[in-house]
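# Fold and contact review
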Amino acid sequence: MKKVLITGATSGIGEALCLYYQAIGYDVIACGRKPDKLAQLESYNNVSTIAVDLCDQQQVTEKMQQLGSLDLVILNAGSCEYMDDVKHFDGQLFARVINSNVIAMGYCLAALLPQIPAGGQLALVGSSASYLPFSRAQAYGASKAAVAYLARSLALDLKSQHIDVSLVSPGFVKTPLTDKNDFAMPMQISAQEAAKRIVTGLQKRTFDIHFPKRFTLILKTLSLLPDSWWRLISTRILQK
Ligand SMILES: NC(=O)c1ccc[n+]([C@@H]2O[C@H](COP(=O)([O-])OP(=O)(O)OC[C@H]3O[C@@H](n4cnc5c(N)ncnc54)[C@H](OP(=O)(O)O)[C@@H]3O)[C@@H](O)[C@H]2O)c1
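To keep things clear, this report deals only with the structure shown in the data block. The structure displayed is predicted, hence computed values, not measured ones.

## Points about the layout of surface pockets
Taken as a whole, the second largest pocket spans an internal volume of roughly 180 Å³. Contributing to the lining of the second largest pocket are 14 residues, with Lys 2, Tyr 26, Asp 71, Gln 121 and Arg 205 lying nearest its centre. Element by element, the count of residues in the lining of the second largest pocket is highest for helix 7 (residues 191–203), at 3 residues. For the lining of the second largest pocket, the residue count by class is 7 nonpolar, 4 polar and 3 charged.

Next comes the structure, spelled out in structure tokens:
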């Protein structure tokens with residue numbers, strides 16, 4: 001039985017991934033903080049859970065470093081907060097988002113990479129928000145740009161270890177994270193649909209897993225334009 005570890009499995013995309021992998025016969029290790037949700041996940045066959053705050057390196061090391069061989073590790077946990085008044089830059093907010101989306105990922109990599117054997121896979125969940133700068137997204141966008149770089153760089157060095165790395169860059173997915181948003185979210189898909197796209201991409205060992213394509217390809221195309229063009233376009237969008 002193949003073993004997958006998923007962080008952020010107590011909600012949204014991570015939970016959908018957990019249930020998808022459980023349903024197709026994987027041994028799933030689900031990580032998160034919410035005790036009630038972890039207990040609920042434990043009730044499924046072949047799902048075990050780890051209660052851990054990923055921003056606490058000691059906890060991550062203690063709870064994750066001796067799990068044995070992991071065929072697939074999906075580092076999906078993350079948070080999103082927007083900056084309302086950038087002139088009064090909120091350093092605490094910035095630190096919170098960078099900690100949960102980037103620094104915590106580093107703690108997980110330190111504990112988990114030694115347990116991924118040759119032939120194994122590692123997936124980092126970034127965001128299509130990293131393709132272009134968006135208003136109020138200074139913290140979230142910067143954190144996801146860091147995740148994208150981290151994935152690209154890891155892919156180079158882990159190739160010789162025969163570990164395939166994937167970068168997952170979703171568009172808008174309906175989850176508790178996006179339920180808080182007060183703006184239009186075009187082409188939003190369900191967490192179940194997102195999980196299906198991620199599993200399919202990982203089965204093909206694709207590096208760049210992005211969806212929904214009609215949304216992410218528009219962003220990718222716009223990102224090829226000079227920065228000044230995007231500033232003009234986004235200013236027009238904001239004025240509407
Ligand atoms: N939804 C979207 O539209 C979208 C788009 C692009 C990228 N993403 C990315 O996809 C990933 C999952 O997002 P989602 O929408 O599914 O969000 P979500 O429903 O809010 O779930 C976030 C998950 O991360 C866990 N988590 C956060 N901080 C943690 C910490 N310090 N320690 C342990 N667990 C922590 C949460 O666990 P607990 O609640 O148990 O603490 C929860 O399980 C994130 O990295 C997000 O940035 C989402």
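Still to come is the rest of the account.
## Re the site of the ligand
Around the ligand sit 29 residues, and of these Thr 10, Ser 11, Arg 33, Tyr 140 and Thr 175 come closest. Within the backbone of Leu 54, a nitrogen or oxygen atom sits 2.9 Å from a nitrogen atom of the ligand. The separation between an oxygen atom of the ligand and a polar main-chain atom of Asn 76 is 2.8 Å. Secondary-structure elements contributing two or more residues to the shell around the ligand are helix 1 (12–23), helix 5 (138–158) and helix 6 (176–179). The class makeup of the residues in the shell around the ligand is 13 nonpolar, 12 polar and 4 charged.

## Describing the environment of Thr 7
Examined against the element boundaries, Thr 7 turns out to sit in strand 1 (residues 3–7). The exposure class of Thr 7 is buried, given its relative accessible area of 1%. For the pair Thr 7 and Gln 138, spaced 131 residues apart in sequence, the C-alpha separation works out to 24 Å. Beyond its immediate chain neighbours, meaning those up to four positions away, Thr 7 contacts Cys 31, Leu 54, Met 64, Ile 74, Leu 75, Asn 76, Ala 77 and Cys 108. Looking at Thr 7, its side chain comes within polar contact range of the main-chain nitrogen of Ala 77, at 3.0 Å.

## Observations regarding empty space enclosed by the protein
Across all of its chains, the model carries 1 cavity of 30 Å³ or more by this definition. Estimates place the volume of the largest cavity at around 50 Å³. In this structure, the largest cavity is lined by Thr 7, Leu 54, Leu 75, Asn 76, Ala 77, Ser 100, Asn 101, Ala 104, Met 105 and Cys 108. Across the lining of the largest cavity, the residue classes break down as 6 nonpolar, 4 polar and no charged.

## Notes on the packing of aromatic side chains
In total, this model carries 6 aromatic pairs according to the counting rule given. On the numbers, 5.4 Å between centres and 55° between planes, the contact of Phe 89 with Phe 94 is tilted. Looking at Phe 89, the relative accessible area reads 44%, which means it is partly exposed. Each residue in the set Tyr 82, Phe 172, Phe 183 and Phe 215 is aromatic and connected to the rest through ring pairs, giving one cluster.

Calculation criteria
Counting of residues starts from 1 at the beginning of each chain's written sequence and follows it residue by residue. In view of the model being predicted, local features appear only for residues whose pLDDT reaches at least 70, and side-chain atom pairs are presented and counted only at 80 or more, with totals across whole chains, interfaces and linings using the full set of residues. With hydrogens and water set aside, each side-chain value is computed from the structure's full complement of heavy atoms. A 1.4 Å probe that fits into a set of points on a 1 Å grid over the protein atoms alone but cannot get out defines a cavity; an open set with protein on both sides within 12 Å along at least five of seven lines defines a pocket, and lining residues are those with an atom within 4 Å of a point. Grid points are joined across faces, edges and corners, and a volume is the space filled by probe spheres set on the points. Numbering of helices and strands runs from the N terminus; a helix is a DSSP stretch of H or I covering at least four residues, while a strand is a stretch of E covering at least two. When residues are sorted by character, Ala, Val, Leu, Ile, Met, Phe, Trp, Tyr, Cys and Pro go into the nonpolar class, Asp, Glu, Lys and Arg into the charged class, and all the rest, Gly among them, into the polar class. In this text, near means that some heavy atom of the residue lies within 4 Å of the molecule or strand in question. In protein, a polar contact means a hydrogen-donor-capable atom and an acceptor-capable atom, both N or O and within 3.5 Å, with residues adjacent in sequence counting only if both atoms are side-chain atoms; elsewhere, any N or O pair within 3.5 Å suffices. Exposure classes here rest on a 1.4 Å probe applied to the protein chains alone. A residue is buried below 20% of its type maximum, exposed above 50%, and partly exposed in between. Only heavy atoms enter the contact rule, under which two residues are in contact if any of them lie within 4.5 Å. Only centres within 6.5 Å qualify two rings of Phe, Tyr or Trp (six-membered ring in Trp) as a pair; their planes then separate them into stacked at under 30 degrees, edge-to-face at over 60, and tilted for everything else.

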